[in-house]
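Read off the chains here:
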Amino acid sequence: MSYNLLKGKKGIIFGALDENSIAWKTAERVHEEGGQFVLTNAPIAMRMGSIKNLGEKTGAEIIPADATKVEDLENLVEKAQEILGGKLDFVLHSIGMSVNVRKGNHYTDMNYDYTTKGWDVSAVSFHKTMQVLYKKDAMNEWGSIVALSYIAAQKVFPDYNDMADNKAYLESIARSFGYFFGKDKKVRVNTISQSPTPTTAGQGVKGFGGFIAYADKMSPLGNATAQDCADYTVSLFSDLTKRVTLQNLYNDGGFSNMGVSQQVMEAFEKDQEG
């Protein structure tokens, strides 16, 4: 259902790889709510995904950009404003990657060159994006910038590996840069800590099926889906949340406040009996 929450608003959406991605679902919802945007992803990711289909569906132009390169981001922001006809109202940062996870390196035996690449893609790219937006004065007042996180930034999930560190860094950047963006430009910056979601990137984490099943049993409302996250992101892009900023907002069915659930206890007790 559309309420035209984003009518007249325009922005950039990073990270729409395929139909399973949260960025993809968000782009569809933004389009439904009347928003306009350009899509972007790294050139290699664009070759792997089907972003052109999303562009055709939503009427969005696609601008390739490596989010770790400032010159690519500068080109992206300049072209986006030219295409959309003015300053931006929203930006979604939905990118993350761990080479250590891809290579199967245990957290206690990391390749630090891979670590550096991972936090550059997953976290520092968010700072670079905001720095370009800030220096170019590319955001309208009361604009909204959102990045996607995960609760492993606060709690231990052993197989999430160095992505947990990347997400912690991401959330810190959101708060620190969000202060300056709010004070100087009246722009909001928040992160959404989403339930484990079966995206292409998420499924690369060892034991991801167990993550999903456990979180679902722990959460009073069950796991939040990619579509749920898209809806939540739209609310943060809208004027309904004009003074929500510097927050890490949990969209996880209540998981983040649970100690243990009855379902998990019953499964544990059954295992003990066996």
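Residues numbered from 1 in each chain as written. Predicted model: local features only at pLDDT ≥ 70, side-chain atom pairs only at ≥ 80, totals over all residues. Heavy atoms only, no water.

A. How the structure looks around the pairing of strand 4 (residues 139-149). Counting buried positions along strand 4 yields eight of eleven residues, so the element is predominantly enclosed. Direction of pairing for strand 3 (residues 88-93) relative to strand 4: parallel, over a ladder of five bridges. The partner of Phe90 across the bridge, within strand 4, is Ser144. At this point the chain moves from strand 4, through helix 7 (residues 163-185), to the parallel strand 5 (residues 188-194), and the crossover so formed is right-handed. (Buried < 20%, exposed > 50% of the residue type's maximum accessible area, 1.4 Å probe, protein only. Helix = DSSP H or I, 4+ residues; strand = E, 2+ residues; numbered from the N terminus. Pairing = 2+ DSSP bridges. Right-handed = clockwise from strand over helix to strand, strands pointing away.)

B. Fine view of unusual backbone geometry. Its identity as a non-glycine residue notwithstanding, Asn161 has a phi of 60°, on the positive side. By secondary structure assignment, the location of Asn161 is in the loop between strand 4 and helix 7. When its relative accessible area of 10% is taken as the criterion, Asn161 is described as buried. At Leu246, a position not held by glycine, the phi torsion is positive, near 65°.

C. Highlighting a nonpolar patch on the surface. Together, Tyr179, Phe180 and Leu246 line one region of the surface with nonpolar side chains, adding up to about 270 Å² of accessible area. As for its position among the elements, Tyr179 is in helix 7. (Patch = residues over 30% accessible without salt bridge, like charges linked within 9 Å, V, L, I, M, F, W, Y side chains within 5 Å. Areas by Shrake-Rupley, 256 points an atom, 1.4 Å probe, with all protein chains shown as cover. Salt bridge = Lys/Arg side-chain N within 4 Å of Asp/Glu carboxyl O.)

D. A look at the sheet that holds strand 1 (residues 10-14). Read across the sheet, six strands follow the order 2-1-3-4-5-6 without closing on themselves; strand pairing throughout is parallel. Pairing within the sheet leaves two strands with one partner each, and these edge strands are strand 2 (36-40) and strand 6 (248-251). Sheet twist, expressed as the mean angle between neighbouring strand axes with direction ignored, is 20°. Judged from the five bridges that link them, strand 1 and strand 2 form a sheet pairing that is parallel. (Axes fitted to C-alpha atoms, helices over the stretch in contact; angles between N-to-C directions.)

E. Structural detail: the nonpolar core. By size, the foremost hydrophobic cluster in this structure holds 30 residues, and its most contacted members are Ile12, Phe126, Leu133, Ile145 and Phe181. Counting residues per element, the ones that place at least two in this core are strand 1, helix 4 (70-84), strand 3, helix 6 (112-135), strand 4 and helix 7. Ranked by size, the runner-up nonpolar core spans 25 residues in total, among them Leu6, Ala16, Phe90 and Leu148. (Core = buried A, V, L, I, M, F, W, Y, C linked by side-chain atoms within 4.5 Å.)

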